[in-house]
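Summary of structural features
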Amino acid sequence: MRFILRGSVILCFTISFLFVLPGVNCNVGGIVQNDWESLRALFEQNFQNNVDLGASLAVYHRGKLVVNLWGGWFDKQKTKPYDNDTLQLVFSTSKGLVAMTIALCVQRGLLSYTDKVIKYWPEYGQSGKENTTVADVMSHRAGLPALRNSNLSTHEYLDWYSVIHKLEKQKPYWVPGTQHGYHAYTYGWLAGELVQRVDIKKRTLGQFIRDEIAKPTQSEFYIGLPENYENRVSPIVTKVIEKQMFNVTTNSLFQQTLLPFSELDSVNDPIVHQAEIPAANGITNAKSTARLYASLIGDLDVTKRLLNTKILKQATKSNTPENEPDQVLMQISTIFGMGFMTYGSVFNIMGPGTFSHNGKFNNYLPFESTSSHIY
């Protein structure tokens, strides 16, 4: 779908999982402003066509929430509706929140994209990584798309410091800054450690996001889910994901980037939800994610914009040379700014000027799509 509008549009669509429904009961609720009624019909059609089991959809336009819909079922057994209180694991859409966090730190003078990582994190300067910049980390140019030859247990992967210690020592797959490749998990650990290093309060990335981004914007986004919120999280049907995602390529580096969670039963484990895996285990809903992106590009009802124009321009400017192939994702031409995906052949929602981060890639992970567009 393409919007041709003046002003700004932020669209967020979350679905719990794809599953063929034997019968259709939409359970659709929410609000739609008059000029946006066509979206309700399209949303309901997804259930009628057996595309979605549970889903939510939110749109902000010129700082106002004009669409906030939810519908379908919370779980495979259809024991309760997917409603306005439902939370959803959104996979790589989490990377957009990490990008927001780093941008906020840059705005506050705590970080600079052009600085070397070792200025803030001296232990990182090992094994040929001493010249890596913050921009290299944010635009997937750091040369650490995977934990090389790792024998860490799942418990160790969930322990922040065991992962950080390994990344400090690891030799990069390529000279940092010379090419790019999708850092599926490591992006979040690297950026998150930078935040912890410069935050005066020494908060984890997840806590920083809750305190400095989610709370001021009256949104919900959890990297490290509070245990008492687990009953709000709609589960993922892992067999569908496994079939769609893990049989799509023989690229060994791509497969390495997906460890340790290639056994995808783990994505529904509360222990995984409560850990901080900033690139992949964010938990939120459509209305919050749309609101967060809306807060980047303008004032909202009771919230001042999160980033100023100068910093947003820096954060969303491409740092990927034209037509440079992604060394991880099958040599396709992905384009990254400072953590955000930017408009190009791969990320082409809504046209030039778009930025954000999908929670899917080429339809392998059909969970969430979020786009911000400045006209």
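Everything below is about the structure printed above this text.
As a convention, each chain's residues are numbered from 1 in the sequence order in which they are written. The predicted nature of this model means local features are confined to residues of pLDDT at least 70 and side-chain atom pairs, given and counted, to a pLDDT of 80 or more, with totals for whole chains, interfaces and linings taken over all residues. By convention in this description, side-chain values take in all heavy atoms of the structure and omit both hydrogens and water.

Section: the nonpolar core
Here, nonpolar core refers to any group of buried Ala, Val, Leu, Ile, Met, Phe, Trp, Tyr and Cys residues whose side-chain atoms link them within 4.5 Å. Burial classification: accessible surface area is computed with a 1.4 Å probe over protein chains only, and a residue below 20% of its type maximum counts as buried, one above 50% as exposed, and the rest as partly exposed. Within the largest apolar cluster, 68 residues are counted, with the highest numbers of intra-cluster contacts made by I102, Y113, M138, W189 and L296. Counting from the N terminus, the helices are the DSSP runs of H or I reaching at least four residues and the strands are the DSSP runs of E reaching at least two. When residues of this core are traced back to their parent elements, those giving at least two are α2 (94-107), α3 (134-138), α5 (160-169), α6 (186-198), α7 (205-214), α11 (286-297) and α12 (309-316). Broken down by element, the residue count for this core peaks at nine residues, all from α2. In what follows, residue pairs with any heavy atoms lying within 4.5 Å of each other are defined as contacts. When residues no more than four places from it in sequence are discounted, the contact partners of M138 are V98, A99, I102, Y113, Y187, A191, G337, M338 and G339. Counting 12 residues, the second largest nonpolar core, distinct from the first, contains V32, F43, F47 and V59.

As for the environment of N358
Mapped onto the elements of the fold, N358 is located in the loop between β10 (354-356) and β11 (368-374). By relative accessible area, N358 is classed as buried at 10%. Sequence separation of N358 and S92 is 266 residues, and the distance between their C-alpha atoms is 6.3 Å.

Examining unusual backbone geometry
In most cases, non-glycine residues show a negative phi, while peptide bonds are predominantly trans. Of note in this structure, K78 is not a glycine but carries a positive phi near 55 degrees. With respect to the element layout, K78 can be found in the loop between β4 (64-72) and β5 (87-89). For K78, a relative accessible area of 30% corresponds to the partly exposed category. Phi at S127 takes a positive value of approximately 60 degrees, unusual for a residue other than glycine. Examined against the element boundaries, S127 turns out to sit in the loop between α2 and α3.

So, the packing of α5 against α6
Interaxial distance between α5 and α6 falls to 11 Å at its minimum, and their mutual angle equals 100 degrees. When the axis of α5 is compared with that of α6, the two are roughly perpendicular. The segment α5 lies against α6, with W160, Y161, V163, I164, L167 and E168 engaging T186, G188, W189, L190, G192, E193, Q196 and R197. Residues are sorted three ways: Asp, Glu, Lys and Arg are charged, Ala, Val, Leu, Ile, Met, Phe, Trp, Tyr, Cys and Pro are nonpolar, and all the rest, Gly among them, are polar. For the contact of α5 with α6, the residue count by class is seven nonpolar, four polar and three charged. In this description, a line fitted to the C-alpha atoms serves as the axis of each element, helices being fitted only across the stretch in contact, and the angle between N-to-C directions of two axes falls anywhere from 0 to 180 degrees. Angles below 35 degrees are treated as roughly parallel, those above 145 as roughly antiparallel, those between 65 and 115 as roughly perpendicular, and all remaining angles as oblique.

Let's talk about the packing of aromatic side chains
Aromatic ring pairs are reported here in terms of the distance separating the ring centres and the angle at which the planes meet. Stacked, edge-to-face and tilted are the three classes for Phe, Tyr and Trp ring pairs, Trp counted by its six-membered ring, which pair at centre distances within 6.5 Å; planes under 30 degrees apart are stacked, over 60 edge-to-face, the rest tilted. Applying the stated criterion across every chain, the model contains eight aromatic pairs. Seen from their ring centres, F43 and F47 are 5.2 Å apart, and the 90 degrees between their planes marks the pair as edge-to-face. You can see F43 and its partner F47 sitting in helix α1 (residues 37-48), four residues apart, about one turn around the helix. Across the pair, exposure class does not vary: F43 and F47 are buried alike. Ring geometry for W121 and Y124: centres 4.9 Å apart, planes at 45 degrees, overall tilted.

What about the pattern of salt bridges?
Pairing is possible between side chains that carry opposite charge, provided their charged atoms lie close to one another. Each reported salt bridge corresponds to a side-chain nitrogen of Lys or Arg within 4 Å of a carboxyl oxygen of Asp or Glu. A full pass over the atoms with the stated rule returns 14 salt bridges. A salt bridge links D115 to K119, with the shortest nitrogen-to-oxygen separation between them at 3.1 Å. Look at D115 and you get buried, because its relative accessible area is 18%. We note a salt bridge from E123 to R197, for which the minimum N-O separation is 2.9 Å. Taken together, the positions of E123 in the loop between α2 and α3 and R197 in helix α6 put the pair 74 residues apart, joining distant regions of the chain. Here E123 falls in the partly exposed class, since its relative accessible area comes to 35%.

Looking at the packing of α2 against α12
At a minimum axis separation of 10 Å, α2 and α12 run at an interaxial angle of 135 degrees. By the angle between their directions, the pair α2 and α12 is classed as oblique. The handedness of the crossing between α2 and α12 is right-handed. Note on element contacts: α12 touches α2 through I311, Q314 and A315, opposite A103, V106 and Q107. Of the residues assigned to the contact of α2 with α12, the class counts are four nonpolar, two polar and no charged. The sense of a crossing depends on the near helix, which, turned anticlockwise from the far helix by less than a right angle, makes the crossing left-handed and, turned clockwise, makes it right-handed.

Considerations on α11
Expected span of a helix: the number of residues minus one, times 1.5 Å. Given a rise of 1.5 Å per residue, 12 residues ought to cover 16 Å, and the 17 Å separating the end C-alpha atoms of α11 matches this to within 8%. For α11, a buried count of 11 out of 12 residues is recorded, marking the element as mostly surrounded by other parts of the structure. Along α11, the residues that are buried comprise A286, S288, T289, A290, R291, L292, Y293, A294, S295, L296 and I297.

With respect to the sheet that holds strand β8 (residues 283-284)
When DSSP finds at least two bridges between two strands, those strands are taken to pair. Pairing is mixed in the open sheet, where four strands are placed in the order β6-β8-β5-β7. Single-partner strands in this sheet number two, and they are β6 (221-222) and β7 (233-234). Note: β5 against β7, two bridges, orientation parallel. In the sheet register, Q88 faces β7, and the bridge partner there is S234.

Here we look at α6
Given a rise of 1.5 Å per residue, 13 residues ought to cover 18 Å, and the 19 Å separating the end C-alpha atoms of α6 matches this to within 8%. When you tally the buried positions in α6, you get 12 out of 13 residues, the bulk of the element. Every buried residue belonging to α6 is among T186, Y187, G188, W189, L190, A191, G192, E193, L194, V195, Q196 and V198, and all of these are buried. In this structure, the buried side of α6 is in contact with α2, α3, α4 (154-157), α5 and α7.

Purely geometric stuff here, so don't read any function into it on its own.
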